[in-house]
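# Understanding the architecture of this molecule
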Amino acid sequence: MDTLGLFMLLILLFFQWTPALAAEEITWTYSGLVGQSEWSEYFPDCGGTSQSPVDVMTTQTKYDPSLIPVTPLGYSQHGNQPFTMYNNGHTVVIELPEWMGLGGLPWFFTAIQMHLHWGNDGPSPGGSEHTINGLSADAELHVVHYNSELYPNMSAAMTQKDGLAVLGILIVTGEETNPAFNNILNYLSRIRHADQKAFIPAFDVQSLLPEDLGRYYRYNGSLTTPPCHQSVIWTLFHKRVQISVAQLLKLEKILYSSKAEETDRMLLQDNYRATQPLNHRVIFTSFSAESGKELSSGEVTAIVIGVMCGCVGLAVIVRFIVKTIRTKDSGKEKEEKQDMAMNSTSEAEKKEESLLSPQSVP
Ligand SMILES: *[C@@H]1O[C@H](CO)[C@@H](O)[C@H](O)[C@H]1NC(C)=O
Ligand SMILES: *[C@@H]1O[C@H](CO)[C@@H](O)[C@H](O)[C@H]1NC(C)=O
């Protein structure tokens, strides 16, 4: 067979084999051959109109007073059984025990797993999946639950609308170490390569969440990785959690997306998807713009001064009104007297006048 024939055969084989590959077997990545912009060719849902993540433009959000705080159930009752943690080549996944769940939504949701998304090069732009007014955080934690009231398991729920509920926690860096995150970060070196798995001591999952679970953004969206099913009720907390720069660097520099047997090692970095168009979706907030604001000491001073001025002003107005009423009342009394004794009153008035303006006396 000549070279051309071999080439033709290879092409033929390539075109025969490509469609035969099941979607699950396709190795997708965040950049490269099957990068984000190609996902929809292999996973049609990734090209849908209700995709995640999104940018939250706070001026376009809508306050929904019916949104009550979400309630993590059993998050702190971790028990003695270790958690399973693994590197799937895309992120670090920690499996959650089945008794953990989520309340405060129209159905009960059972916890499945949590995982993280991050960037590279420490606290630099990028890292989180969701952004607020175009600004990203340094990383993002997702706690995934399925609707166990309506569906028997995760695989059945993940293709259904309202099938999943994911908590999104934006992570920023600061001075202090966040000890809760060390329950994950301290064990990353055991799962450096894709497909590696480790057992880690169970820990209080709620300690990873912000304290304020009452203020959040809510919208309908999707899984942020293929197959991108549009089945997620998203809860993105308003309050962000803080880890140290050293902790962020551990997350960014320890894991590989490549398998142990692969000679070309690839650091697992920048595993966040670009924000997707909202397409007429509304992002609801559980808090109104005013209550969502955190006041600086300057603002507090201004409010105190404002309230004091207001009180003084009110006192002045009240005094003025009281005075006016009194004057009117005495005026009325005068009128009554006038009715009774017109002449004498007018004479008295004349006297008053002459008293008030002595110059006018001839
Ligand atoms: C999930 O539930 C569906 C529907 O009952 C069932 O067919 C499927 O085998 C279950 N999958 C797993 C992984 O248990
Ligand atoms: C999500 O979709 C459901 C069903 O279409 C709808 O009832 C619900 O209001 C939506 N929720 C949000 C936050 O938009």
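Criteria and thresholds
Residues numbered from 1 in each chain as written. Chains lettered and ligands numbered in written order. Predicted model: local features only at pLDDT ≥ 70, side-chain atom pairs only at ≥ 80, totals over all residues. Heavy atoms only, no water. Salt bridge = Lys/Arg side-chain N within 4 Å of Asp/Glu carboxyl O. Buried < 20%, exposed > 50% of the residue type's maximum accessible area, 1.4 Å probe, protein only. Helix = DSSP H or I, 4+ residues; strand = E, 2+ residues; numbered from the N terminus. Pairing = 2+ DSSP bridges. Near = heavy atom within 4 Å. Polar contact = N/O pair within 3.5 Å; in protein donor to acceptor, adjacent residues only side chain to side chain. Areas by Shrake-Rupley, 256 points an atom, 1.4 Å probe, with all protein chains shown as cover.

## Topic: the pattern of salt bridges
Scanning the entire structure with this criterion turns up two salt bridges. With a shortest N-O distance of 2.7 Å, Arg-215 and Asp-212 are connected by a salt bridge. Its relative accessible area of 19% is what places Arg-215 among the buried residues. In this structure Asp-212 comes out as partly exposed when scored by relative accessible area, which is 23%.

## Overview of the pairing of strand β10 (residues 139–147)
Counting buried positions over the nine residues of β10 gives nine, a clear majority of the element. Side chains Ala-139, Leu-141, Val-143, His-145 and Asn-147 project from β10 onto one buried face, and the interleaved Glu-140, His-142, Val-144 and Tyr-146 project onto a second face that is buried too. Alignment of strand β7 (residues 109–118) against β10, held across nine bridges, turns out to be antiparallel. Paired with His-115 across the two strands is His-142, which belongs to β10. As judged from the eight bridges shared by β10 and strand β11 (residues 164–174), these two strands associate in the antiparallel manner. Bridge pairing in β11 links Ala-139 to Ile-171.

## Some details on the site of ligand 1
Neighbouring residues of ligand 1: Pro-152, Asn-153 and Ser-155. Between ligand 1 and Asn-153, the relevant distance is 2.4 Å, taken from an oxygen atom to a side-chain nitrogen or oxygen of the residue. Burial of ligand 1 by the protein amounts to 27% of the accessible area it has alone, namely 360 Å².

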